[in-house]
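Reading the structure
Spelled out, the chains give:
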Amino acid sequence: MATPASVQQWTADANEALSLSLVRAPEDKASLWAREVYEGFHPTFTYPLFGEEEKLYGYKDLSIDLKFASGSLVQYLNVRHSEKLPSSSTVDDIEGTLSKFIPPDYYTDEEKFLERVEHDALNFKPLGQKIYSYTRAATTLTKGKNVAIPQVLSPEDQETVDFEVYHCTWHTPGFREFHRRMQLFVLLYIEGGSYISETEDTWEFAVLYEKRRRRSSPDVTTYHFVGYSTLYPFYCFPERVRLRISQFLVLPPYQQDGHGSALYTAIYQHVLASPSIAELTVEDPAEAFEDLRDRNDLKMLIANDKFMREGFGPEAVSNSGGKVAHGRTKRGKSRTMRAGAGKMGPPAERAWLEKWRTELKIAGRQFNRLVEMLVLKHMDPTDERALRAYRLQVKERLYRFNYEILMQLDKQDRQQKLEETFQGVVADYKRILGHVL
């Protein structure tokens with residue numbers, strides 16, 4: 001009978017054992033800066049593949065290499081170990097399990113895989129229609145969180161890196177095959193993520209790539225996968241659709257570098273430019289994505305001169321455009337907006353809000369939250385009437401949103417719970433605003 005100690009020495013953590021790499025051709029690797037590392041990163045989750053405990057049994061010194069050609073995502077799989085127990089029902093069949101989740105044409109010969117990487121580096125091009133692009137100086141890549149994304153850099157600069165977003169559907173030639181290679185990342189990085197059905201014809205996709213010039217041959221550009229989002233259109237009366245962001249991910253080597261914001265912006269701009277789309281919604285967003293969405297939506301509203309002028313009055317926009325002016329008094333203190341100077345109130349004018357919400361194609365609850373954040377930021381904290389109007393405006397929305405839960409409480413508990421929720425919301429608004437303004 002196996003002892004706990006013997007079981008442990010034959011057990012490996014699946015998240016640590018599985019190593020992922022985005023492999024580039026040698027000339028493309030030579031174009032990277034030392035801080036750019038795209039190989040040897042690990043998944044966040046492996047329970048969809050190997051079970052809830054995310055453990056693998058039957059091996060010593062287990063190492064699972066799953067490599068992807070950085071552009072085409074063609075795969076190579078190799079399972080290595082120093083010792084293995086005799087095959088039995090308790091010993092995990094690692095390659096057999098993984099093969100159920102990836103296309104059958106994966107490589108097991110590394111030399112042939114690397115030949116394919118070199119071939120695809122020159123021949124792979126993004127599928128679909130380009131809907132968005134931005135540029136970045138290579139020297140700023142992978143420096144850290146909340147890096148600003150300049151839109152224009154000198155194209156003559158060989159160290160300028162382009163990023164492009166492409167829109168695809170199941171009808172895009174070659175995309176089904178490409179999607180079967182990239183969909184594994186959903187299981188590995190989105191909690192509760194699952195594969196979508198190819199039989200549901202209406203799915204849409206936004207795929208982000210890095211476009212890189214080779215230092216040795218500046219006229220040669222190669223493409224490298226960064227991340228993607230799945231989008232699902234729902235009918236919206238009378239003849240349009242609501243586009244819902246379902247899955248959204250940027251791979252770890254590209255995270256905390258502004259690419260998630262860029263991909264979200266690309267999707268939002270696509271929605272604004274599409275007459276058939278009424279609004280953009282999000283399916284059950286994770287907290288990190290909700291923060292990303294809030295930050296980008298707030299920046300978009302603040303940059304909208306007309307919206308800010310109508311909302312807060314003519315003093316709300318600087319001459320340079322878009323940013324709320326924080327004027328200075330003689331004592332150097334920030335000047336807040338006078339209550340009633342614009343349509344924001346408080347209370348905000350509902351007809352005006354709905355006009356802008358419809359025009360900007362933002363979902364109702366999200367737009368109300370954004371308005372509440374902006375009002376909180378610019379409201380005079382000494383104006384008791386404005387504070388009361390703001391509190392009532394936010395609480396009314398919270399009451400409607402949580403109606404069924406609140407109605408299960410007696411009046412006193414209901415009022416207390418509503419006040420606690422309000423205070424929590426305001427605290428969270430201040431946290432988000434701290435990252436934007």
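Relevant structure appears above.
In this convention, every chain numbers its residues from 1, walking through the sequence in written order. Local features in this predicted model are restricted to residues whose pLDDT is 70 or higher, and side-chain atom pairs enter the listing and the counts only when it is 80 or higher, whereas totals over whole chains, interfaces and linings include all residues. Only hydrogens and water are removed before side-chain values are computed, so all heavy atoms of the structure are retained for them.

**Section: the overall build of the protein**
Worth spelling out the cut-off: Strands are runs of DSSP state E lasting at least 2 residues, helices are runs of H or I lasting at least 4, and numbering of each runs from the N terminus. Residue burial is assigned from relative accessible area. The probe radius is 1.4 Å, only protein chains are included, and a residue is buried under 20% of its type maximum, exposed over 50%, and partly exposed in between. Accessible surface is estimated by sampling points in the Shrake-Rupley manner with a 1.4 Å probe; for residues, cover comes only from the protein chains shown.
Helices and strands together make up the secondary structure of the protein, namely 16 helices and 14 strands. When the 437 residues of the protein are sorted by exposure, 49% land in the buried category. With an accessible surface of roughly 22,000 Å², the protein has 50% of that area assigned to carbon and sulfur atoms.

**Some thoughts on the packing of helix α9 (residues 259-273) against helix α10 (residues 287-302)**
Quick note on the threshold: Angles shown run from 0 to 180 degrees and are taken between the N-to-C directions of axes, each axis being a line fitted to C-alpha atoms and, for helices, limited to the stretch in contact. Should an angle fall under 35 degrees it is called roughly parallel, over 145 degrees roughly antiparallel, and 65 to 115 degrees roughly perpendicular, with every other angle called oblique. By definition, turning the near helix anticlockwise from the far helix through less than a right angle yields a left-handed crossing, and turning it clockwise yields a right-handed one. In what follows, a contact means two residues having at least one pair of non-hydrogen atoms within 4.5 Å. The nonpolar class holds Ala, Val, Leu, Ile, Met, Phe, Trp, Tyr, Cys and Pro. Asp, Glu, Lys and Arg form the charged class, and all remaining residues, Gly among them, are polar.
For the pair α9 and α10, interaxial distance at closest approach is 10 Å and the crossing angle is 60°. One finds that α9 runs oblique with respect to α10. In the crossing of α9 with α10, the sense of the turn from one axis to the other is right-handed. Only F289, L292, R293, N296, D297 and M300 of α10 make contact with α9, whose side of the interface consists of G260, S261, Y264, T265 and Y268. Residue composition of the contact of α9 with α10, by class: five nonpolar, four polar and two charged.

**Some details on the pairing of strand β6 (residues 63-69)**
We count it as follows: Two strands are counted as paired when DSSP detects at least two bridges linking them.
In terms of residue burial, β6 counts as a mostly covered element, since seven of its seven residues are buried. Judged from the six bridges that link them, β6 and strand β7 (residues 75-80) form a sheet pairing that is antiparallel. Its bridge partner lying in β7, D65 is registered against N78. Once β6 ends, the chain turns through five residues before running back antiparallel as β7, passing L73 with a positive phi of about 65°.

**Remarks on helix α6 (residues 110-123)**
Turn by turn, an α-helix covers 3.6 residues, leaving residues three or four places apart pointing in a common direction. Our working rule: Expected span of a helix: the number of residues minus one, times 1.5 Å.
With 14 residues, α6 extends 20 Å between its outermost C-alpha atoms, agreeing within 8% with the 20 Å of an ideal straight helix rising 1.5 Å per residue. Each element contacted by the buried residues of α6 is listed here: β2 (18-23), α3 (26-29), β6, β7 and β12 (221-236).

**With respect to the sheet that holds β6**
Read across the sheet, four strands follow the order β3-β2-β6-β7 without closing on themselves; strand pairing throughout is mixed. The open sheet has two edge strands, β3 (39-41) and β7, and neither has a second partner. Neighbour-to-neighbour, the strand axes of this sheet turn through a mean angle of 20°, independent of strand direction. Sheet topology note: the β2/β6 ladder contains six bridges and is parallel. Considered in β6, the bridge of L22 is made with F68. Sitting on the sheet, α6 touches β2, β6 and β7, and the angle it makes with β6 is about 25°.

**Observations concerning empty space enclosed by the protein**
What counts is decided by this rule: For cavity detection a 1 Å grid was placed over the protein atoms alone, and a set of points counts as a cavity when a 1.4 Å probe fits there but cannot get out; an open set counts as a pocket when protein lies on both sides within 12 Å along at least five of seven lines, with lining residues being those that have an atom within 4 Å of a point. Grid points are joined across faces, edges and corners, and a volume is the space filled by probe spheres set on the points.
Inspection of every chain in the model, using the stated rule, returns four cavities of 30 Å³ or more. Its volume calculated, the second largest cavity comes out at about 70 Å³. Lining the second largest cavity are 13 residues, with S70, G71, D120, A121 and Y223 positioned closest to its centre. Where the lining of the second largest cavity is concerned, the elements lending two or more residues are α6 and β12. For the lining of the second largest cavity, a count of residues per class yields six nonpolar, five polar and two charged.

**Considering the packing of aromatic side chains**
The relative placement of two aromatic rings is captured by the distance of their centres and the angle of their planes. This is how the line gets drawn: Each Phe, Tyr or Trp ring (for Trp, its six-membered ring) is paired with any other whose centre lies within 6.5 Å, and the angle between the two planes then decides the class: stacked below 30 degrees, edge-to-face above 60, tilted in between. We call a charge positioned above a ring when the Lys NZ or Arg CZ atom is no farther than 6 Å from the ring centre and deviates by at most 35 degrees from the ring normal.
Enumeration over the complete set of coordinates arrives at 30 aromatic pairs. Between F307 and W352, the ring centres sit 5.3 Å apart and the planes meet at 20°, which makes this aromatic pair stacked. Taken as a pair, F307 in helix α11 (residues 305-312) and W352 in helix α12 (residues 350-360) lie far apart in primary sequence, 45 residues in all. Judged on exposure class, the residue F307 and its partner W352 are both buried. A network of ring pairs unites the aromatic residues F68, F124, Y166, W170, F175, F178, F185, F205, Y209, Y223, F225 and Y228 as a single cluster. Between the NZ or CZ atom of R24 and the centre of the ring of Y38, over which it lies, the distance is 4.3 Å.

**A look at a negative patch on the surface**
As a reminder of what qualifies: Residues enter a patch when their relative accessible area is above 30% and they make no salt bridge; the linking distance is 9 Å between like charges and 5 Å between nonpolar side chains (Val, Leu, Ile, Met, Phe, Trp, Tyr). Basic side-chain nitrogens of Lys or Arg form a salt bridge, by our definition, when they fall within 4 Å of a carboxyl oxygen of Asp or Glu. For the purpose of counting charges, residues Lys and Arg are taken to be positive, whereas Asp and Glu are taken to be negative. His and the chain ends are not included. Where a charge lies is defined by one atom per residue type: Lys uses NZ, Arg uses CZ, Asp uses CG and Glu uses CD.
Taken together, D109, E111, E115 and E118 make up a surface patch of like negative charges. Here E115 lies in helix α6.

**Looking at the pattern of salt bridges**
Inspection of the entire model under this criterion finds 30 salt bridges. For D65, the salt bridge is made with R80, and the minimal N-O distance between the two is 2.9 Å. One end of the pair, D65, is in strand β6; the other, R80, is in strand β7, and 15 residues separate them in sequence. You can call D65 buried: its relative accessible area is 14%. Ionic contacts of the salt-bridge type, sharing partners, join the residues R24, E36, E210 and R212 into one network.

**A word on the environment of N78**
With respect to the helices and strands, the residue N78 is situated in strand β7. Given a relative accessible area of 21%, N78 falls into the partly exposed group. Residues N78 and D65, 13 residues apart in the sequence, show an inter-C-alpha distance of 5.2 Å. Filtering out sequence-adjacent residues up to four positions away, N78 remains in contact with S63, I64 and D65.

**A short note on the packing of α10 against helix α13 (residues 364-378)**
Here α10 crosses α13 at 65°, and the two axes come no closer than 10 Å. The orientation of α10 relative to α13 falls into the category roughly perpendicular. Handedness of the α10/α13 crossing: right-handed. Within the contact between the two elements, α10 uses E290, R293, D294, D297, L298, L301 and I302 and α13 uses R365, Q366, F367, R369, L370, M373 and L374. Each residue belonging to the contact of α10 with α13 can be placed in one class, and the counts come to seven nonpolar, one polar and six charged.

**What about the sheet that holds strand β10 (residues 160-169)?**
Picture the strands of a sheet paired through backbone hydrogen bonds; they go either parallel or antiparallel. Read from one edge of the open sheet, six strands run β9-β10-β11-β12-β13-β14, paired in mixed fashion. Edge positions in the open sheet fall to β9 (129-137) and β14 (277-282), since each of these has one partner strand only. Between one strand axis and the next, the sheet turns by 25° as a mean value, whatever way the strands run.

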